[in-house]
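Notes for the structure review
So the chains spell out like this:
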Amino acid sequence: MSTAPPPAPAARAATSTAMSPTGIWRRARGFLIVVAALLVAGIALASLHSGSHHGQFDPRSADPTGSRALAELLKQRGVTTRVVTTTAEATAAADADTTLLVTEPDLLDEQRRVALNTAMDLSGGRTVLLAPTGRALAGLTPGVRLKGTAHDTDLSPRCALPAATAAGRASTGDGLRYTTDLPLAQSCYPSGSAATVLRLPGAGGADTVVLGSGLILQNETLADEGNAALALQLLGSRPNLVWFIPSPADSADGAREQDKSFFELIPAGWGWALLQLTVAAVLAALWRARRLGPLVTERLPVVVRASEAAEGRARLYRKAAARDRAATVLRESARERLAALVGVPPAHAQDPTALLPAVADRLTDAEGDLTGLLFGPAPSDDAALVALVDHLDALEREVRTS
């Protein structure tokens, strides 16, 4: 039984350098563990900041500064609360059956303040502005002036507004104060000479309420004094409540921020942090990188000379009596060498119509049977095979020396 020849050096080198799945896992597991830890941390942080965490004065937030408790009380009284974040949504929702609460009127730019003021005048409903200052007062409630801050937190109504008289003392202080000379305006919960709650009547049953402080809306202070009663009276007078929480895009600064590129939006300190992280990553890569030294010659288990390989192959052909296979190999090799000598392209070396005329032109005596020699049948015995080898060698020598 014959043994298979050893693998070629290239195959053995590929086999020796191929990395197994275990080796790949050992190299990559540190990186994969870090990535998995970052993903878990990101998911945990996202879950902690989702759900009931929506921000200050948000009716969806159960945080101490949120307003979810007030929204639930309004729901029990049949008031539908809807949150909007753009001026277009707020103006579209304003009507006679709606109370519009604006939590951050100072955030609106001039164009949006004009649009909101027009919708307020035409709606016939109620608008509640939370702690407006400066340009917001001039654009939304002309005639109302800011008078500083109130130092007392809990104040008495001291006015004839039904919502205030029903609620009694409330936490309307600890915020802004306002004064106005507008006729029919009702100034409530005064601190000093200025009011912390103003009601300004409008045309067609519409009115505007200015709140200097949002304490009466927050979860943590809703149960203090008459805060819940005052908030329900001010925000629950209509069946619908639109809770307008302006987004940064509604402000002039927000519009400018949207025009900035991604790199302009990155704070200056983050650039240095990114540079430090890049340097750390490069150093870590250099530390963990594979050191490539000079090539190492691999000691092969067996080195076989070409002559010995040829002799071994010949013995196998002889043992199997494969004269036809041996003759085919000898003729193919001879045809390739002759084609190179006579200028026939390698692709046509095995084509008798291309090879035979070119070989015949190089011979001084072309009477020999070139077709039988180069493309003939297999030898019938070993002697004929040896004779075929001699004739092929003679033909190649003659062509080479011609």
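To keep things clear, this report deals only with the structure shown in the data block. (Residues numbered from 1 in each chain as written. Predicted model: local features only at pLDDT ≥ 70, side-chain atom pairs only at ≥ 80, totals over all residues. Heavy atoms only, no water.)

Looking at a nonpolar patch on the surface
- A surface patch of nonpolar side chains, about 630 Å² in accessible area, is lined by Trp272, Leu275, Val279, Val282, Leu283 and Leu286.
- Counting through the fold element by element, Leu286 comes out in helix α11 (residues 268-288).
- You can call Leu286 exposed: its relative accessible area is 53%. (Patch = residues over 30% accessible without salt bridge, like charges linked within 9 Å, V, L, I, M, F, W, Y side chains within 5 Å. Areas by Shrake-Rupley, 256 points an atom, 1.4 Å probe, with all protein chains shown as cover. Salt bridge = Lys/Arg side-chain N within 4 Å of Asp/Glu carboxyl O. Helix = DSSP H or I, 4+ residues; strand = E, 2+ residues; numbered from the N terminus. Buried < 20%, exposed > 50% of the residue type's maximum accessible area, 1.4 Å probe, protein only.)

A short note on the pattern of salt bridges
- Under the defined criterion, the tally for this structure stands at 10 salt bridges.
- Residue Arg126 pairs with Asp207 through a salt bridge whose shortest N-O separation is 2.8 Å. Of this pair, Arg126 sits in strand β3 (residues 126-130) while Asp207 sits in strand β8 (residues 207-211), and the two are 81 residues apart along the sequence. Across the pair, exposure class does not vary: Arg126 and Asp207 are buried alike.
- A salt bridge links Arg400 to Glu396; its shortest N-O distance comes to 2.8 Å. Within this pair, Arg400 and its partner Glu396 are both found in helix α16 (residues 382-401), separated by 4 residues, close to a single helical turn.
- Assessed through its relative accessible area of 10%, Glu396 is described here as buried.
- Bridged by salt links that share partners, the residues Arg126, Arg199 and Asp207 form one connected network.

Some points on the environment of Arg126
- We classify Arg126 as buried; its relative accessible area is 10%.
- Along the primary structure Arg126 and Ala96 are separated by 30 residues, whereas in three dimensions their C-alpha atoms are 7.7 Å apart.
- Apart from the residues within four sequence positions on either side, Arg126 is in contact with Thr98, Thr99, Leu100, Arg199, Asp207, Val209, Gln233, Leu234, Ser237 and Arg238.
- For Arg126, the side chain forms a polar contact with the side chain of Asp207, separated by 2.8 Å. (Contact = heavy atoms within 4.5 Å. Polar contact = N/O pair within 3.5 Å; in protein donor to acceptor, adjacent residues only side chain to side chain.)

Quick word on the nonpolar core
- Judged by nonpolar contacts, the single largest core of 30 residues is most densely connected at Leu70, Tyr189, Leu211, Leu217, Leu230 and Leu235.
- For this core, the elements supplying multiple residues, two or more each, are α3 (68-76), β3, α7 (162-167), β6 (186-191), β8, α8 (227-235) and β9 (240-244).
- The residues touching Leu70, leaving out its near neighbours within four places in the chain, are Leu217, Asn219, Leu222, Ala231, Leu232, Leu235 and Trp243.
- Judged by nonpolar contacts, the second largest core, of 21 residues, contains Ala326, Ala339, Ala349 and Leu355. (Core = buried A, V, L, I, M, F, W, Y, C linked by side-chain atoms within 4.5 Å.)

Notes on the environment of Asp207
- A relative accessible area of 3% means that Asp207 is categorised as buried.
- On a C-alpha basis, the gap between Asp207 and Thr99 in space is 9.7 Å, while along the polypeptide they are 108 residues apart.
- Residues in contact with Asp207, not counting those within four places in the same chain, are Gly125, Arg126, Thr127, Arg199, Leu200, Pro201, Gly202 and Arg238.

So, the side chain of Asn219
- Locating Asn219 in the fold gives a position in the loop between β8 and α8.
- Of note is the side chain of Asn219, whose polar atom sits 3.1 Å from the backbone oxygen of Ser61.
- Discounting chain neighbours no more than four positions away, the residues touching Asn219 are Ser61, Ala62, Asp63, Pro64, Gly66, Ser67, Arg68, Ala69 and Leu70.

Details of the packing of helix α13 (residues 323-342) against helix α14 (residues 352-361)
- At a minimum axis separation of 10 Å, α13 and α14 run at an interaxial angle of 60 degrees. When the axis of α13 is compared with that of α14, the two are oblique. Remark: the crossing between α13 and α14 carries left-handed chirality. Residue-level inspection shows Arg335, Leu338, Ala339 and Val342 of α13 in contact with α14, the latter providing Leu355, Ala358 and Val359.
- Of the residues in the contact of α13 with α14, the class split is 6 nonpolar, no polar and 1 charged. (Axes fitted to C-alpha atoms, helices over the stretch in contact; angles between N-to-C directions. Parallel < 35°, antiparallel > 145°, perpendicular 65-115°, else oblique. Left-handed = near helix turned anticlockwise from the far one by under 90°. Nonpolar A, V, L, I, M, F, W, Y, C, P; charged D, E, K, R; others polar.)

Geometric values such as these leave the question of function open.
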